[in-house]
Amino acid sequence: MNSVAGNGISVAVDQNEYLADGVGTVDAVVTVETGADLVVAAPPRERLEILILDCSGSMATGRKFPGARQAALAALDVMADGTKFAIVEGTAMARLAFPSNVPSLPANRESRAAARRALDKLSPGGGTAMGTWLGLTRQLAKKHPDAMVHAILLTDGKNEHEEPAALAAEIKQSEGVFTCDCRGVGTDWRVDELRTIATALHGTVDIVADPAKLAADFAAMMQGSMAKAIPELTLRVWTPAGAKVRFVKQVAPTITDLTARRVETGAQVGEYPLGAWGAEDRDYHVQVEVEPAAPGREKLAARVSVVSGEEVLGQGLVKAVWTNDSELSARISRRVAHYTGQAELAQAVQEGLAARKSGDTDTATAKLRRAVQLAAESGNESTAKLLRGVVEVDEHNGTVRLRASVAAADEMALDARSTKTARVRKEG
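Residues numbered from 1 in each chain as written. Predicted model: local features only at pLDDT ≥ 70, side-chain atom pairs only at ≥ 80, totals over all residues. Heavy atoms only, no water.

## Digging into the sheet that holds strand β16 (residues 269-277)
Inference 1: Spatial strand order, β3-β19-β18-β12-β16-β15: six strands in an open sheet with mixed pairing. A single partner strand is all that each edge strand has here, and the edge strands are β3 (18-20) and β15 (263-266). Strand-to-strand twist in this sheet, taken as the mean axis angle between neighbours without regard to direction, amounts to 30°.
Inference 2: Taken together, the three bridges between β3 and strand β19 (residues 311-323) define a ladder with parallel strand orientation. In the sheet register, L19 faces β19, and the bridge partner there is W322. (Pairing = 2+ DSSP bridges. Helix = DSSP H or I, 4+ residues; strand = E, 2+ residues; numbered from the N terminus. Axes fitted to C-alpha atoms, helices over the stretch in contact; angles between N-to-C directions.)

What follows is the structure, given as structure tokens:
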């Protein structure tokens, strides 16, 4: 493992540098860690928090709308004083529910009380068009060009009142403008819709089946947002002539494929946006294809840098050494192997659930059996527990079969949390 630290950021690379003669695929896990000193030293930034509340007619059922109102208030309660905020009412169109005459107001006793009164006046009715919600949020964000903008989107339903292409276009236009955590309340919404929004906008997605638990979840999301002090970091990957980056994936704390977000910034240089940061660490799996060299030769396969603007804050090197020693080349980096398995686990869960939904029992059973195996091998106890809500596992012989009856909330929780990984910390 090689590690370089600077300016409060460390970049560590875990890999097996040795490749068999003729092999050209290089894998590495790059750990980026931001220290508390860097976060504290970051210049204060204007902040804008936007709460996007589904106010469609279906929110009137059960306790969903009162739960959403209490969740919004819980988020406002933990928001730091001075943070600017706004509330968007989402139906078949988007409306600024608070404030009424300016894009936002700073959080204080008076504005929180006014927001409470505005929330009390809201009532559910109408349809669902999430693209319009994102569009208004983006307009608000652009009125605060120097601010760190974070949104929380809550819905209980599917995006039924606009074309899928309209939502896709709004998501694309919102990338890099604001971050967005997404939550679904109840079980009538689609995990894939919210996952698409959250993934593109550097957020999280989850189910809150019980509306009574929304307030605690909103408060936790808001506290997480308040802990972010670095508005944007970028992973810059340089490769030598003849080499090519095959993929870059965030693999912890969750799996997000960044490959398609690459922006070419120079000869053999591509950049991948990493979103906002607090004091934390994240792991990335980088795979590079290089031209094999003769045994005994060493090549630099990639130089991975973390940059803010044009300032390089940390850097790590991905190397390749060719050998005829099969013992050296057969060694597998523990962390590369682990996260490769975690990516397969997430894929197996999602494909298994999709097959189950389509009635393909054989494929569903095979995929979820593999997921059970991978979860056990990797120590991903959270996913293993969620899998048991969908399949029955015979502890004696390891047989896995689909449950005849599955609670919708259990299935959706497994789907929504399938990309959460078990961590393997770097050595040393």
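## Considerations on the domain arrangement of the chain
Inference 1: Annotation of the chain at the domain level lists domain 1 (3-41 + 231-331), domain 2 (47-229) and domain 3 (335-417).
Inference 2: A straight line from the C-alpha centre of domain 1 to that of domain 3 covers 30 Å.
Inference 3: Contacts between the two partners involve 10 residues from domain 1, matched on the other side by seven residues from domain 3.
Inference 4: Counting each side, the surface lost to burial between domain 1 and domain 3 is near 710 Å², with a carbon and sulfur contribution of 67%.
Inference 5: Of all residues in domain 1, V29, V251 and I255 bury the most surface against domain 3, accounting for 48% of the area lost on that side.
Inference 6: D14 serves as the salt-bridge partner of R335, at 2.6 Å between the closest nitrogen and oxygen. (Domains from an automatic or database assignment. Contact = heavy atoms within 4.5 Å. Buried area = accessible area lost by both parts, 1.4 Å probe. Salt bridge = Lys/Arg side-chain N within 4 Å of Asp/Glu carboxyl O.)

## Quick notes on the environment of P103
Inference 1: Topologically, P103 is positioned in the loop between β7 (94-98) and β8 (105-106).
Inference 2: Between the alpha carbons of P103 and A215 there is a distance of 24 Å; along the sequence they are 112 residues apart.
Inference 3: For P103, the residues in contact, after removing those within four places along its chain, are A86, L96, L140, K143 and H144.

## Looking at the pattern of salt bridges
Inference 1: Taken as a whole and assessed by the stated rule, the structure comprises 28 salt bridges.
Inference 2: One salt bridge in this structure joins R190 and D192, with 2.7 Å as the shortest N-O distance.
Inference 3: For D192, a relative accessible area of 38% corresponds to the partly exposed category.
Inference 4: With a closest N to O distance of 3.4 Å, R246 and E289 form a salt bridge. You can see R246 sitting in strand β13 (residues 244-252) and its partner E289 sitting in strand β17 (residues 281-289), a full 43 residues away along the chain.
Inference 5: The structure contains a network of salt bridges with shared partners spanning D14, D281, D283, R335 and R423. (Buried < 20%, exposed > 50% of the residue type's maximum accessible area, 1.4 Å probe, protein only.)

## A closer look at the UniProt feature "domain: VWFA" (unreviewed entry) in the chain
Inference 1: Cross-referencing UniProt, the feature "domain: VWFA" (unreviewed entry) maps to residues 50-230 in the present numbering.
Inference 2: The straight-line gap between the two end C-alpha atoms of residues 50-230 is 18 Å; of that span, 41% is helix and 22% is strand. (UniProt positions renumbered as here; feature names shortened; annotations may be inferred.)

## Details of the side chain of Q287
Inference 1: Within the secondary structure layout, Q287 lies in strand β17.
Inference 2: At 2.8 Å, the side chain of Q287 and the side chain of D27 are in polar contact.
Inference 3: Those residues in contact with Q287 that lie beyond four places of it in its chain are T25, V26, D27, K244, V245, R246 and F247. (Polar contact = N/O pair within 3.5 Å; in protein donor to acceptor, adjacent residues only side chain to side chain.)

## Examining the pairing of β13
Inference 1: The sheet contact formed by β13 and β17 spans seven bridges and is antiparallel. Opposite V245, over in β17, you have V288 as the bridge partner.
Inference 2: The antiparallel pairing of β13 with strand β14 (residues 256-257) creates a hairpin that spans three residues between the two strands.

## Some words on the pairing of strand β6 (residues 84-90)
Inference 1: Among the seven residues in β6, six count as buried, and that is most of the element.
Inference 2: Sheet topology places strand β5 (residues 47-54) next to β6; seven bridges connect them, and they run parallel. Paired with D54 across the two strands is G90, which belongs to β6.
Inference 3: Read as a crossover between parallel neighbours, the route from β5 over helix α2 (residues 64-78) to β6 is right-handed.
Inference 4: In the sheet, β6 pairs with β8 via two bridges, with the strands oriented antiparallel. The residue bridging F85 from the neighbouring strand is L105, located in β8.
Inference 5: In this structure, β6 lies alongside β7, joined through four bridges in antiparallel fashion. Within β7, the residue paired with E89 across the bridge is R95. (Right-handed = clockwise from strand over helix to strand, strands pointing away.)

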